[in-house]
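Geometric and topological summary
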Amino acid sequence: MNKKRVLVTGAGGFIGHHLVTYLKKKGYWVRGVDIKLPEFEASAADEFLQLDLRYFSNALIATQGISEVYALAADMGGMGYISFKHSEILYNNTLINTYTLEASKVNKVSRYFFASSACVYPEYKQLRAKVTPLKEEDAFPADPQDAYGWEKLMTEIMLKYSAESSKTEYRIARFHNIFGPLGTWDGERAKAPASLSRKIAYAKLTNTNEIEIWGDGKQTRSFCYVDDCVRGIDMLMHSNYKEPLNIGQDRIVTINELADIIADIAGIKIKKVHIPGPQGVRGRNSDNSRVTKEIRWKPKVSLERGLESTYKWIEKLVRDQIKLEQNA
Ligand code: NAD
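About the criteria used
Residues numbered from 1 in each chain as written. Predicted model: local features only at pLDDT ≥ 70, side-chain atom pairs only at ≥ 80, totals over all residues. Heavy atoms only, no water. Phe/Tyr/Trp six-rings, centres within 6.5 Å; stacked < 30°, edge-to-face > 60°. Helix = DSSP H or I, 4+ residues; strand = E, 2+ residues; numbered from the N terminus. Buried < 20%, exposed > 50% of the residue type's maximum accessible area, 1.4 Å probe, protein only. Domains from an automatic or database assignment. Contact = heavy atoms within 4.5 Å. Buried area = accessible area lost by both parts, 1.4 Å probe. Salt bridge = Lys/Arg side-chain N within 4 Å of Asp/Glu carboxyl O. Polar contact = N/O pair within 3.5 Å; in protein donor to acceptor, adjacent residues only side chain to side chain. Pairing = 2+ DSSP bridges. Axes fitted to C-alpha atoms, helices over the stretch in contact; angles between N-to-C directions. 1 Å grid on protein atoms, 1.4 Å probe; cavity = no way out; pocket = protein on both sides within 12 Å on 5 of 7 lines; lining within 4 Å. Points joined across faces, edges and corners; volume = space filled by probe spheres on them. Near = heavy atom within 4 Å. Areas by Shrake-Rupley, 256 points an atom, 1.4 Å probe, with all protein chains shown as cover. Nonpolar A, V, L, I, M, F, W, Y, C, P; charged D, E, K, R; others polar.

1. Looking at the packing of aromatic side chains
For any pair of aromatic rings, the description rests on two quantities: the centre-to-centre distance and the angle between the ring planes. Inspection of every chain in the model, using the stated rule, returns six aromatic pairs. Centre to centre, the rings of Tyr70 and Phe113 are 6.3 Å apart; their planes meet at 40 degrees, and the pair counts as tilted. Of this pair, Tyr70 sits in strand 4 (residues 68-71) while Phe113 sits in strand 5 (residues 111-117), and the two are 43 residues apart along the sequence. Here Tyr70 matches Phe113 in class, with each residue buried.

So this is what it looks like as C-alpha cells:
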C-alpha cells in the first residue's frame, strides 16, 4: 500500500480526473484541485479543493503536505478554443504554472510532473499532412503556432532552470491529442474525437447523415487513449529520465479517416460537409523512439478500441440531450 500524499491539479478536468482514479487504485492518498468539480462522475480523490491556482495563496494551500505534484491544470480546449483565446490562455496558464511551481518549492515537494503539449513543436515542422513524426529535440529553434504552445514551452524552461537550484525532481510529458470518455464533448473546448463522435451520434439518432468538418479534413494527427496516457504519466514520474518526452500514439490519420472510423463504430454512412474553421497545423505525429527507449512506454489501446468506448459514452449523452429537447 502506497500512502504517499500526492496532488493532482486540474482534477476536475478530463485527464486529471482519470489520473486521480488511477493513482487511487495504486494506493496513493490523493488531493484533487480545480476551479470546478468533475462534470460526469464524482472524483475518487481523498480530498478535493476548489481553488483558483491563478493566486499564489491558493497554490500554497494546494501543495501543503504534498510529496508529488501532477500539474495538469490549464485553461485549454480544442482548436475552436486555443486558436482564438491567445491572451487569456497566456495570462491564465502563466499564473497557474508559475504559482504552482513556486508553491511546490516553498512546500518542499519532492517530485513535480508537468503536462506539456505537442503544441510546443514549431509550425515549420508541421506544414504537410504527410509529416515527419516529431522528436523531442525538434522543439528548437522554437516557433509554436499558438500562445498555448508558447506558454507550455516557457513553463518547460522554467522547470529546467528550477532544477538547477532546487531539490525537487521535475518530469515533463508532451501529450499528443489525448482522448477518451469523461472528457469535454460539446462546445468550443471539445476536441476532434469527441466533437466528431457527438456529430455522428446526432446524425445517427436523428436519421440525418451529414456532418460538418472544419477544413478539407485532410489535416493529420495521432490520437492517444487516456488510459495509456495516465499509465505513461506514472511511468515517467517514477523514472529517472529528466528531459521532456512525447506521450502519444504514432499512428497518423486524417480527420476524414477519424470520422470514417467513428461512423463505422456507430454503424452509419456519413456525408462530410467541409466548412471553414480552425484546423491548427497541417500535420502532426509523435516520434516515440525516445519514450520507448528511456521509460519503455508504448500505447496499448488501438484507435478503434479507444474510439469505441468514447463513442458509446457520447452516444448516450446525445440520446439524453435529444430526449430533453423533445420533452421541452
Ligand atoms: P481539461 O480542460 O479537461 O482540464 C484542465 C483543468 O484545469 C480543467 O478542469 C480546468 O477547470 C482546470 N483549470 C483551469 N483553470 C484553472 C485555475 N485557474 N485553477 C485551477 N484549475 C484550473 O484538459 P485536459 O485535456 O484534461 O488536459 C490536462 C492537461 O494536459 C492540461 O495541462 C493540457 O494543457 C495538457 N494537454 C492535454 C492534451 C489533450 O489532448 N487533452 C494535449 C496536450 C496537453
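2. A few points about the domain arrangement of the chain
Assigned domains within the chain: domain 1 (5-178 + 223-247) and domain 2 (180-221 + 251-284 + 301-327). A separation of 26 Å is found between the C-alpha centroids of domain 1 and domain 2. The interface of domain 1 with domain 2 comprises 31 residues on the first partner and 33 residues on the second. Across the domain 1 to domain 2 interface the summed buried area is about 2,700 Å²; carbon plus sulfur atoms make up 63%. Sorting the residues of domain 1 by area buried against domain 2 places Phe40, Phe223 and Tyr225 first, and these three jointly supply 29% of that buried surface. Counting across the domain 1 and domain 2 interface gives one salt bridge. The partner of Arg189 in a salt bridge is Asp75, with the nearest N and O atoms 3.0 Å apart. At the surface where domain 1 touches domain 2, the tally comes to eleven residue pairs in polar contact (both at pLDDT 80 or more). For the side of domain 1 that touches domain 2, the elements supplying multiple residues, two or more each, are helix 1 (14-25), helix 3 (79-82) and helix 7 (226-237).

3. Details of the sheet that holds strand 1 (residues 5-9)
Reading across from one edge, 3-2-1-4-5-6-11 is the order of the seven strands in this open sheet, with parallel pairing throughout. Strands at the two margins of the open sheet, each flanked by one partner only, are strand 3 (47-50) and strand 11 (245-247). Between one strand axis and the next, the sheet turns through 20 degrees on average, direction left out of account. As paired strands, strand 5 and strand 6 (residues 169-175) are joined by seven bridges and run parallel to one another. Looking at the pairing, Tyr112 lines up with Tyr170 of strand 6. Each of strand 1, strand 2 (29-34), strand 4 and strand 6 is contacted by helix 1, which is oriented at about 165 degrees to strand 1, the strand it contacts most. This element, helix 4 (residues 86-106), spans strand 1, strand 4, strand 5 and strand 6 of the sheet and lies at about 165 degrees to strand 5.

4. Here we look at empty space enclosed by the protein
Taken as a whole, this structure holds one cavity of 30 Å³ or more when the rule is applied. Estimated volume of the largest cavity: approximately 40 Å³. Forming the walls of the largest cavity are Met79, Ile82, Cys119, Gln145, Asp146, Arg221, Gly280, Val281 and Arg284. The residue makeup of the lining of the largest cavity includes at least three contributed by each of domain 1 (5-178 + 223-247) and domain 2 (180-221 + 251-284 + 301-327).

5. Concerning the site of the ligand
Taken together, the neighbourhood of the ligand is formed by 26 residues, with Ile15, Asp34, Asp52, Tyr148 and Ile178 sitting nearest. The backbone of Ile15 places a nitrogen or oxygen atom 2.8 Å from an oxygen atom of the ligand. Note that an oxygen atom of the ligand is positioned 2.8 Å from one of the side-chain N or O atoms of Lys152. Contact with the protein chains removes 93% of the 820 Å² of surface that the ligand exposes when unbound. Elements supplying a minimum of two residues to the shell around the ligand: helix 1, strand 5 and helix 5 (147-165). If you tally residues by element for the shell around the ligand, the top one is strand 5, at three residues. Of the residues belonging to the shell around the ligand, the class tally is 14 nonpolar, six polar and six charged.

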